[in-house]
Amino acid sequence: MDEIAEQIDRLDDLLAELHTPLPLRLHVRSLKESLPAVIEGLKAGYLAAGGENDWDLRA
């Protein structure tokens, strides 16, 4: 559950960053770079909590 909590905090940080006065292209680039790691972290946290792997058909 710690992994899920960390990823929720990261999503909160990303949302807060969207309110900074930067060009939209920089916001989009930041999200494109950050969100894949957040997704992987959420998946890892879900699996660690006993969830089933519904993302990898080979599992």
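Residues numbered from 1 in each chain as written. Predicted model: local features only at pLDDT ≥ 70, side-chain atom pairs only at ≥ 80, totals over all residues. Heavy atoms only, no water.

### Side note on the overall build of the protein chain
Put simply, the rule is: Runs of E in the DSSP output that reach at least two residues are strands. Runs of H or I that reach at least four are helices, and both are numbered from the N terminus. Each residue's exposure class comes from its accessible area (1.4 Å probe, protein chains only) as a fraction of the maximum for that residue type: buried when under 20%, exposed when over 50%, partly exposed otherwise. Residues are treated as being in contact if the distance between any of their heavy atoms lies within 4.5 Å. Within this scheme the basic residues Lys and Arg register as positive and the acidic residues Asp and Glu register as negative, but His and the chain ends are omitted. Lysine's charge is taken at NZ, arginine's at CZ, aspartate's at CG and glutamate's at CD.
Looking only at helices and strands, the protein chain has two helices and zero strands in total. Seen through its C-alpha atoms, the protein chain measures out along the principal axes to roughly 40 × 25 × 10 Å. Burial statistics for the protein chain: of 59 residues in total, 12% are counted as buried. When contacts within the protein chain are restricted to residue pairs at least 6 apart in sequence, long-range pairs at least 24 apart make up 52% of them. Of the side chains in the protein chain, 6 bear a positive and 12 a negative charge, and the two mean positions are spaced by 14 Å.

### So, the packing of aromatic side chains
Rule in force here: Ring geometry is summarised as follows: Phe, Tyr and Trp rings, the Trp one being its six-membered ring, pair when their centres sit within 6.5 Å, and such pairs are stacked at plane angles under 30 degrees, edge-to-face over 60 and tilted between the two.
What the rule picks out here adds up to one aromatic pair. An angle of 80° between the planes, with centres 5.5 Å apart, marks the rings of Y46 and W55 as edge-to-face. Judged by its relative accessible area of 36%, Y46 falls in the partly exposed class. Judged by relative accessible area, which is 43%, W55 ranks as partly exposed.

### Quick word on a negative patch on the surface
Rules: Every patch collects residues that have over 30% relative accessible area and no salt bridge, joining them within 9 Å if they carry like charges and within 5 Å if they are nonpolar side chains (Val, Leu, Ile, Met, Phe, Trp, Tyr). The method behind every accessible area is Shrake-Rupley, applied with a 1.4 Å probe, and residues are considered shielded solely by the protein chains displayed. A pair is scored as a salt bridge if a Lys or Arg side-chain nitrogen falls within 4 Å of a carboxyl oxygen belonging to Asp or Glu.
Side chains of D2, E6, D9, D12 and D13 sit close together on the surface and give a patch of like negative charge. In this structure, D2 sits in helix α1 (residues 2-17).

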